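Observations on the three-dimensional arrangement
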Amino acid sequence: MRFNDGHTMTLRAPGGGRVKVRLEVNAKARRLIIRLDERRREAVAVAPTPRQIEAAAAFAAERVDWISSRLQHLPEITLFEDGETIKYRGKDCQITLEGEGRVARLYPGNPHILSVPGDPDTTQARVVRFLKKQAKAEFQKAVERHCATLKVTCEGMSVKDTRSRWGSCTADGQLAFSWRLIMAPPEVLDYVAAHECAHLREMNHSAKFWAHVARCCPDWKRQRAWLRIHGAELQAAGG
């Protein structure tokens, strides 16, 4: 069977279940890799070149046991709706439709209360809009601070809803971050900002690069470990 970039195949797991695997080409990949798309509840087999797509499919088939196990242990998807408890800067935050006006408003506490009055059908979109706004503000402050430390210039910054990376840096100095990091502890968001700012000095992951990260975020290893453990929870929030 011939496979193409973007093709989705279904594998049979040992227990009889079925596992979806999407095939992708990524020129930045150095080898065949398998990653999970937590929100789509499927695996992604990545090939460095189009010629290696079929090899990526075979690579995934050989690892169907591992893929099936990882997918079964993904956290449940939670929607942003009335009464749901989400995370905001690492702390519990309960969504409520009670309140006045149409603007989402945060009331700090234990837990925090996020008031999103109005049409229940628009709650999801308005919560996302609120979180994106807060994330952008926090990243702007962190980027300014780290750029000053590293003596570099950020040419532009945006927040997005990325699936495979928490942040990115382009050759022309544009930074982008996942708005979902506003749900993580502040130190984790700060680490990701430091990571991308360090790329403004070194577009690689060399020892020099990590030295720049350490200047901005001395405990970066702890924050990176937190993301590896809890990142799937951030991707599952809000569907």
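Refer to the structure printed above.
Cut-off values and rules
Residues numbered from 1 in each chain as written. Predicted model: local features only at pLDDT ≥ 70, side-chain atom pairs only at ≥ 80, totals over all residues. Heavy atoms only, no water. Pairing = 2+ DSSP bridges. Helix = DSSP H or I, 4+ residues; strand = E, 2+ residues; numbered from the N terminus. Axes fitted to C-alpha atoms, helices over the stretch in contact; angles between N-to-C directions. Contact = heavy atoms within 4.5 Å. Phe/Tyr/Trp six-rings, centres within 6.5 Å; stacked < 30°, edge-to-face > 60°. Buried < 20%, exposed > 50% of the residue type's maximum accessible area, 1.4 Å probe, protein only. Lys NZ or Arg CZ within 6 Å of the ring centre and 35° of its normal.

1. Looking at the sheet that holds strand β3 (residues 33–37)
- Judged by pairing direction, the sheet is mixed, and its four strands sit side by side in the order β1-β2-β4-β3 without closing on themselves. The open sheet has two edge strands with one neighbour each: β1 (8–12) and β3. This sheet shows a mean twist of 35 degrees between the axes of neighbouring strands, independent of strand direction.
- Judged from the five bridges that link them, strand β2 (residues 18–25) and strand β4 (residues 42–47) form a sheet pairing that is parallel. Across the sheet, R22 pairs through a bridge with V44, a residue of β4.
- Sitting on the sheet, helix α1 (residues 53–62) touches β1, β2, β3 and β4, and the angle it makes with β2 is about 150 degrees.
- With respect to the sheet, helix α2 (residues 64–72) is in contact with β1, β2, β3 and β4, its orientation differing from that of β2 by roughly 105 degrees.

2. Focus on the packing of aromatic side chains
- Within the structure shown, the criterion is met by four aromatic pairs.
- Plain terms: the ring middles of Y88 and F130 are 6.1 Å apart, the flat faces sit at 40 degrees to each other, and that makes the pair tilted. Highlighted residues: Y88 in strand β5 (residues 85–88) and F130 in helix α3 (residues 123–150), separated in sequence by 42 residues.
- Looking at Y88, the relative accessible area reads 8%, which means it is buried.
- Taking 4.1 Å as the distance between ring centres and 10 degrees as the angle between the ring planes, the aromatic pair formed by F139 and F177 counts as stacked. Here F139 is found in helix α3, whereas its partner F177 is found in strand β11 (residues 174–178), with 38 residues between them in sequence.
- For F177, a relative accessible area of 1% translates into the label buried.
- Here the aromatic residues F209, W210 and W220 are joined through ring pairs into a cluster of three or more.
- For R224, the ring lying beneath its charged end belongs to W210, and the centroid distance is 5.4 Å.

3. Points about unusual backbone geometry
- Between N110 and the following residue, P111, the backbone shows a cis peptide bond with an omega angle of 10 degrees.
- Looking at the secondary structure, you find P111 in the loop between β7 (105–107) and β8 (112–115).
- Phi is positive for R41, close to 60 degrees, though the residue is something other than glycine.

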